[in-house]
Amino acid sequence: MTQKKDLTEGKGAIEIIEEATQLLRLLPADTYVLYYAGSLPFILGFLYFWADMSRGAFAYRYAAEAAFSVSALYIWMKCWQAVFCLRLHTHLLGDSRTKWNLRRILRLIILQTAIQPFSLIAVPISSMLMLPFAWVYAFFHNVSVIGNGHYSDIKDVYQEAWHHAKLFPAQNHIFIMIYSIFGVFVFINLAIIIYLFPKLLSTFLGVETSFSRATWGMFNTTLLMTTIGSSYLVLNPLAKAIYVLRCFYGQSLQTGMDLKVELNKFANSINLRAVAILLLFLISLGWPVDAFSGAENDVVQINTQQTYSVISASELDNSINEIISKREYSWRMPKEKNAKQEDSGIIGKFISGLIDTIKNWLK
């Protein structure tokens, strides 16, 4: 029953989040460069587009060109996020980096262009309907994981992504709930930092900006979108790692890839102790030990050359008494009553304590 439950429900959401966090911690720096090389241009371009379209007096003249540029940056971001997910998957498997060619790059661009733009419509509508949101949200993340150019047919990518979106529904819903709550706190913290940053520049460096002169002018839709974009850049790598792991464990139900990865880790963790045990076993079977006699003689010779410093008993006692008399080691000892302090009043106790403290400082 436990194995059947593990197959149908998967690992717990907290466990998946911990694995994803550990996976992100172990990634090399160039993998994050790949992610932010794709995501940062889109966020900056979108913020410029938002501010220009909402404030520019002649924005209507070039709205179409600006919208097309933002759309191209969106596809650029999704393609690089697919590369980032592929790097996560290869790092999880312990394989070497994937070889790219022109055909695979073109397949990746076509797949991401054909499916990902629908997320701009499907995700907001599903979030208002509430019920299908978790499956829709998982589906488009799975497209980033699976649509890396390995499949040549869009239908195959769609079916595979939807199949993994339906797996482990309880895990997916709990993760989205935790992720949303965590995202609210990240949003609030970033909003406070963005709001206080101009004031800190003015206070400590004397740099005056339009934001520090007109503080209330910062409260507009541009500040809101800037905070949302910053929160996205902080949180989205964690979501990508989560759905890489979900697809990995979903594929492992048929391929057993998770067992192969664990066996590889176990094989790589063999240390010298295991080698020593093997040598003892071979010796017990009658393996010749002449080859090891030289090494044993070297060890004995090294041990005989070692010198030891002799410490007297009085020095050792003094050192122990000095250590255990420190405050960090005496907090659990019973309090000793001082007869002189009991006879003196409050002022006398204070003065005597002050004198003892000064003596300790001088010592």
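Here is what the cut-offs are and how they apply
Here, residues in each chain are numbered from 1, in the same order as that chain's written sequence. Per-residue local features of the predicted model are confined to residues with pLDDT of at least 70, and side-chain atom pairs are confined, for both listing and counting, to 80 or more; whole-chain, interface and lining totals are unaffected and use all residues. With hydrogens and water stripped out, all remaining heavy atoms of the structure feed into the side-chain values. Each helix corresponds to a stretch of at least 4 residues labelled H or I by DSSP, and each strand to a stretch of at least 2 residues labelled E; elements are numbered beginning at the N terminus. Working definition: with a 1.4 Å probe on protein chains only, accessible area under 20% of the residue-type maximum means buried, over 50% means exposed, and in between means partly exposed. Any two residues whose heavy atoms approach within 4.5 Å at even a single point are treated as in contact. For accessible areas, the Shrake-Rupley method is used with a probe of radius 1.4 Å. Any residue's cover is judged against the shown protein chains and nothing else. Here a helix's expected span is defined as the number of its residues, less one, multiplied by 1.5 Å. One fitted axis covers the seven residues ending at a residue, a second covers the seven starting there, and the bend at that residue is the angle between these axes. Confidence scores labelled pLDDT are given residue by residue by the predictor and lie between 0 and 100. Here an axis means a line fitted to C-alpha atoms, over the contact stretch when the element is a helix, while the angle between two N-to-C directions is reported on a 0 to 180 degree scale. Here the angle decides the label: under 35 degrees means roughly parallel, over 145 means roughly antiparallel, 65 to 115 means roughly perpendicular, and every other value means oblique. Less than a right angle of anticlockwise turn of the near helix away from the far helix marks a crossing as left-handed, whereas a clockwise turn marks it as right-handed. Polar here means any residue outside two lists: the nonpolar Ala, Val, Leu, Ile, Met, Phe, Trp, Tyr, Cys and Pro, and the charged Asp, Glu, Lys and Arg; Gly therefore counts as polar. Within this scheme, the nonpolar core is defined by two criteria: the residues are buried Ala, Val, Leu, Ile, Met, Phe, Trp, Tyr or Cys, and they are joined through side-chain atoms within 4.5 Å.

*Asks:* Even after reading the chapter, I still don't get the overall build of the chain, so can you show me in this structure?
*Replies:* Along its length, the chain carries 17 helices and zero strands. With 363 residues in all, the chain has 29% of them scored as buried. Sequence-distant contacts in the chain: of pairs separated by 6 or more residues, those separated by 24 or more amount to 76%. For the chain, the computed accessible surface area is about 25200 Å², with 67% contributed by carbon and sulfur atoms.

*Asks:* Explanation requested: the side chain of His164 in the structure shown.
*Replies:* By secondary structure assignment, the location of His164 is in helix α8 (residues 154-166). Look at His164 and you get buried, because its relative accessible area is 2%. Contact partners of His164, with chain neighbours within four places excluded, come to Asn142, Ile146, Arg246, Cys247, Gly250 and Gln251.

*Asks:* What's the story with helix α9 (residues 169-205) in this structure? I'm lost.
*Replies:* Every α-helix carries 3.6 residues per turn, so stepping three or four residues along brings you back to the same face. In a regular helix each residue adds 1.5 Å, so 37 residues correspond to 54 Å; α9 covers 52 Å between its end C-alpha atoms and thus fits that length. Residue Leu196 marks the point of greatest curvature in α9, where the axis turns by about 35°; the proline Pro198 follows within four residues. If you check which residues of α9 are buried, you get Gln171, Asn172, Phe175, Ile176, Tyr179, Gly183, Val186, Leu190, Tyr195 and Pro198. Where α9 ends, the next residue or the one after it, Gly206, has phi of about 70°, a positive value.

*Asks:* Can you help me understand the confidence of the model for the chain in this one?
*Replies:* Close reading of the predicted structure is inappropriate where its pLDDT is low. Residues with a pLDDT of 70 or more make up 78% of the chain, whose mean pLDDT is 81. Taken together, the stretch residues 1-7 has pLDDT below 50 and engages in four contacts with residues farther than four places along the chain or on a different chain. In this model residues 289-307 is a low-confidence stretch, pLDDT under 50, and it forms three contacts with partners more than four residues away in sequence or in other chains.

*Asks:* What is the right way to look at the packing of helix α4 (residues 63-93) against helix α5 (residues 102-115) in this model?
*Replies:* Relative orientation and spacing of two packed helices are given, respectively, by the angle between their axes and the distance between those axes. It is at 9 Å that the axes of α4 and α5 come closest, and there the two elements cross at 120°. One element, α4, and the other, α5, form an angle in the oblique class. The hand of the α4/α5 crossing is right-handed. Together, Ile75, Lys78, Cys79, Ala82, Val83 and Leu86 of α4 and Arg104, Leu108, Ile109, Gln112 and Thr113 of α5 make up the contact between the two elements. For the contact of α4 with α5, the class distribution of residues is seven nonpolar, two polar and two charged.

*Asks:* I tried to follow the nonpolar core on my own but got confused; where do I start?
*Replies:* Proteins that are soluble and globular tend to have nonpolar side chains buried together. Grouped together as the largest cluster of nonpolar side chains are 46 residues, with contacts concentrated most on Leu24, Leu88, Phe139, Val145, Phe175, Ile242 and Tyr243. For this core, the elements supplying multiple residues, two or more each, are α2 (13-25), α4, α5, α7 (133-146), α8, α9 and α11 (221-255). If one sorts the elements of this core by residue count, α11 sits on top with eleven residues. Grouped together as the second largest cluster of nonpolar side chains are 14 residues, Ile43, Val70, Ala82 and Leu108 included.

*Asks:* Looking at this structure, how should I read the packing of α2 against α9?
*Replies:* Remark: α2 packs on α9, axes separated minimally by 9 Å, with the N-to-C direction vectors making an angle of 65°. The two elements α2 and α9 meet at a crossing, and its hand is right-handed. On the side of α2, the interface is formed by Ala13, Ile14, Ile16 and Ile17, while α9 contributes Gln171, Ile174, Phe175 and Ile178. Of the residues assigned to the contact of α2 with α9, the class counts are seven nonpolar, one polar and no charged.

*Asks:* For this particular structure, what's the right way to read unusual backbone geometry?
*Replies:* What you tend to see is this: most non-glycine residues have negative phi, and most peptide bonds are trans. Backbone geometry places Met130, a non-glycine residue, at a positive phi of 75°. In this fold, Met130 is placed in the loop between α6 (119-129) and α7. If you check the backbone angles, Phe168 has positive phi at about 50° while not being a glycine. Within the fold, Phe168 resides in the loop between α8 and α9. The buried category is assigned to Phe168, whose relative accessible area is 4%.

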